[in-house]
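Notes for the structure review
So the chains spell out like this:
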Amino acid sequence: MSAEATAINMAARASIWLKPHRIVLILIALALVLCAAFFMRWEWLPQYWQMGLMGIWRTLWILAVTCALGFALAVPLGLAQASGPIWFSAPAKAFCTIIRGTPLLLQLWLLYYGLGSVFPQYPWIRESWLWPYLRQAWPYAVVALTFSFAGYEGEVMRGAFAGVPRGQLEAARAFGMSRWKIFRRIWLPQAFYRALPTLTGETVLQLKSTPLVATISVIDIFAVSSKVRQDTYLTYEPLLLLALIYMTITGILVFVFSRIEARIPVKIG
Amino acid sequence: MELLSPVAPGWGGTLLVGLLHSIEIAVGATCLGLMIGTAGAFGKLYGGPVTRDLLAVYTTIVRAVPELVLILLLYYAGTDLINQVLTAMGYSRVDISGLAAGIFVLGFVQGAYSTEVIRGAILAIPQGQIEAARAYGMPPGLMLRRITLPAMLPFAIPGLANLWLIATKDTALLAVVGFFELTLATRQAAGVTKAYLLFYLAAGALYLALTLFSNLIIGRVEVWSRRGMPSVKEAR
């Protein structure tokens, strides 16, 4: 009985979604994909797929690390702007303005070429334990992307911290909670719930910024596709596959975040 | 410091020419994006089912793929396509100027974002205003010009201003395909003089100045577009 009901339900849902013009559009799309699969050249795939997987892994790794570090940095930035004294809030505001006012590509090149050309002039840096890392490209990529995420998300967190109703914080103080406990139990969780919907968008934007690290010789999935293009003289195939990979990652991210959002309490404030 | 002077031995002039190219591209891309966005928003709201689905595919794909990948794809595909059409029609191949290609590519990307912004702004117009215009028997073109566009402006300005700021920063991505704008000019100047930090900081200051100046203008425009509307501040 219930199986029958769900079957009818699914059929109803499908009939809403699958209108005649949609079926035609889907068939055209399928035909385009099949044309691409048959008439374009894909024989380079077996040779490069291992490299491609490494590239995807590196892209995801950079995305995860920079989002986590960037968010950790965004919390104090937002807090300083929302309720800090002027000698905290002014530098935080200046940091966010500078990061949001200049292109990420320029920030990346400033760190990699600019700082990278200054560091070797100081012998004590070259002798320190950090030097083996500073000679590689990925620390600069991680720092630049982290700052970028923190700059944009810091602004969001400022609004989220300021949006928590005063009554909540006053009630917590009336309970005799210490300042740290108020922050940890009341202020941060409520601000985080407020910021969560924008966090999805920011994470997708961050994913879309990761290919820039290929310009400073970090081998992510974008750099792999550039290498395929150089090796095989093919223009479209690697780029189309690359676009498909990014769309898949975006879809997965949006799905995961929507599941997380569905789990948090809807009623806030 | 004399490296930054605008006359011959210094590279300041090169940077300023680059900045000018960046602004040209950003203005062109924003205008093209606004045209695509207005048409797209109307298509999404009032178009037939096929138009709506195709526009949904356009905005979803453009917003899910990194700008850098789209720029490469459209830059090569666009110039290649035009040349193939020209050769098929019996004309000789032409070199597409970097400026036109850059404006087309960034405008195509901006169009997807502004479609969503303008669609939201049109939906925010009180329904009665559009119904009143229809009741007066206004033809659609007149209604668009007199009612819909002016009424949606205060709702659309914040989103469109954001898109303008994104456009000025996205011009930097064209440096990767070799178009001469501020970031590429900086890279060349820094590469020749080896004063990397100085030139990147100078270019950053130029971009920041452009953003802050734009913010000033945007604030004015926002006040102007909200004229006659009740103040938001008093409502709190």
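Structure: see above.
Below, the structure is looked at part by part. All figures in this text were calculated on a predicted structure; none of them were measured in a lab. (Residues numbered from 1 in each chain as written. Chains lettered and ligands numbered in written order. Predicted model: local features only at pLDDT ≥ 70, side-chain atom pairs only at ≥ 80, totals over all residues. Heavy atoms only, no water.)

Here we look at the overall build of chain B
This is how the line gets drawn: Here a strand is any run of E in DSSP of at least two residues, a helix any run of H or I of at least four, and the numbering for each starts at the N terminus. Only protein chains enter the area calculation, which uses a 1.4 Å probe; residues under 20% of their type maximum are buried, those over 50% are exposed, and those in between are partly exposed. Per-residue accessibility takes into account occlusion by the displayed protein chains alone, with areas from the Shrake-Rupley method and a 1.4 Å probe. Positive charges come from Lys and Arg alone, negative charges from Asp and Glu alone, with His and the N- and C-terminal ends not counted. One atom stands in for each charge, and that atom is NZ of Lys, CZ of Arg, CG of Asp or CD of Glu.
Counting its regular elements, chain B contains eight helices and zero strands. Tracing chain B from N to C terminus, the helices and strands come up as α-α-α-α-α-α-α-α. Each of the three principal axes of chain B carries a C-alpha extent, and together these read 65 × 60 × 30 Å. Per-residue burial over chain B gives 44% buried out of 236 residues. Split by element, the accessible area of chain B, about 12,100 Å² in all, is 68% carbon and sulfur. Of the side-chain charges in chain B, 16 are positive and 12 negative, and the distance between the mean point of each set is 8 Å.

Comments concerning the packing of helix α5 (residues 127-135) of chain B against helix α6 (residues 140-170) of chain B
Residue and element names in this part refer to chain B. How we decide: Orientation is described by lines fitted to C-alpha atoms, with helices fitted over the stretch in contact, and by angles between N-to-C directions that extend from 0 to 180 degrees. Roughly parallel means an angle under 35 degrees; roughly antiparallel, over 145; roughly perpendicular, 65 to 115; everything else is oblique. What makes two residues a contact is simply this: any of their non-hydrogen atoms within 4.5 Å. Residue classes follow a fixed rule: Ala, Val, Leu, Ile, Met, Phe, Trp, Tyr, Cys and Pro count as nonpolar, while Asp, Glu, Lys and Arg count as charged, and any other residue, Gly among them, counts as polar.
It is the contact of α5 with α6, at a shortest axis distance of 11 Å, that shows an interaxial angle of 175°. Here α5 is positioned roughly antiparallel relative to α6, judged by the angle of their axes. Each of Q129, I130, A133 and R134 in α5 lies in contact with α6, whose residues at this interface are M143, I147 and A151. Across the contact of α5 with α6, the residue classes tally to five nonpolar, one polar and one charged.

Re unusual backbone geometry
Glycine aside, a negative phi is what most residues show, and trans is what most peptide bonds show. In the Ramachandran plot, Y233(A) falls in the positive-phi region, its phi being about 60° despite a non-glycine side chain. The residue Y233(A) is located in the loop between α11 (221-232) and α12 (236-263) in this model. With a relative accessible area of 73%, Y233(A) lands in the exposed category. The backbone of K194(B) sits at a positive phi, close to 65°, despite the residue not being glycine. Counting through the fold element by element, K194(B) comes out in the loop between α7 (182-193) and α8 (196-225). Exposure remark for K194(B): the relative accessible area of 57% places this residue in the exposed category.

Details of helix α3 (residues 67-88) of chain B
Count 3.6 residues to each turn of an α-helix, and residues three or four apart come out pointing the same way. Stated formally: To estimate the expected span of a helix, count its residues, drop one, and scale the result by 1.5 Å.
For α3(B), spanning 22 residues, the distance from its first C-alpha to its last is 30 Å, which sits close to the expected 32 Å at 1.5 Å a residue. Those residues of α3(B) not exposed but buried are E67(B), L68(B), V69(B), L70(B), I71(B), L72(B), L73(B), L74(B), Y75(B), G78(B), N83(B) and L86(B). Contact partners of the buried residues in α3(B): α10 (179-209), α11 and α12 of chain A together with α2 (49-64), α4 (98-124) and α6 of chain B.

Focus: a nonpolar patch on the surface
Residue and element names in this part refer to chain A. Here is the rule we go by: Each patch is assembled from residues with relative accessible area greater than 30% and no salt bridge, linking like charges that lie within 9 Å and nonpolar side chains (Val, Leu, Ile, Met, Phe, Trp, Tyr) that lie within 5 Å. Salt bridge, as used here: a side-chain nitrogen of Lys or Arg that lies within 4 Å of a carboxyl oxygen of Asp or Glu.
Taken together, the side chains of M54, W57, W61, W129, L130, Y133 and W138 present a nonpolar region at the surface, about 830 Å² in accessible area. Positionally, M54 belongs in helix α3 (residues 45-83). The class for M54 is partly exposed, based on a relative accessible area of 44%.

Brief notes about the nonpolar core
Where we set the bar: We define the nonpolar core as a collection of buried residues of types Ala, Val, Leu, Ile, Met, Phe, Trp, Tyr and Cys that are connected through side-chain atoms lying within 4.5 Å of one another.
W109(A), M157(A), F222(A), V69(B) and Y200(B) are the most contacted members of the largest nonpolar core, which has 112 residues in total. The residues touching Y200(B), leaving out its near neighbours within four places in the chain, are L106(A), W109(A), L110(A), Y113(A), G114(A), T186(B), R187(B) and A190(B). One finds A161(B), W164(B), L165(B) and A167(B) within the second-largest nonpolar core, a separate group that totals six residues.

Examining the packing of aromatic side chains
So the rule is basically this: Pairs were defined over the aromatic rings of Phe, Tyr and Trp, the Trp ring being its six-membered one, requiring ring centres within 6.5 Å. Orientation was assigned from the angle between planes: stacked under 30 degrees, edge-to-face over 60, tilted for the rest.
The final tally for this structure, using the stated rule, is 18 aromatic pairs over all chains. Note on F71(A) and F192(A): the rings are 5.7 Å apart at their centroids and 75° apart in plane angle, and the pair reads as edge-to-face. One end of the pair, F71(A), is in helix α3; the other, F192(A), is in helix α10, with 121 residues separating them in the sequence. Where Y133(A) meets W138(A), the ring centres are 6.4 Å apart and the plane angle is 85°; that geometry is what we call edge-to-face. For Y133(A), a relative accessible area of 41% corresponds to the partly exposed category. The partly exposed category is assigned to W138(A), whose relative accessible area is 35%. Each member of the aromatic cluster is reached from another via a ring pair, and the members are W109(A), Y112(A), Y113(A), Y140(A), Y196(B) and Y200(B).

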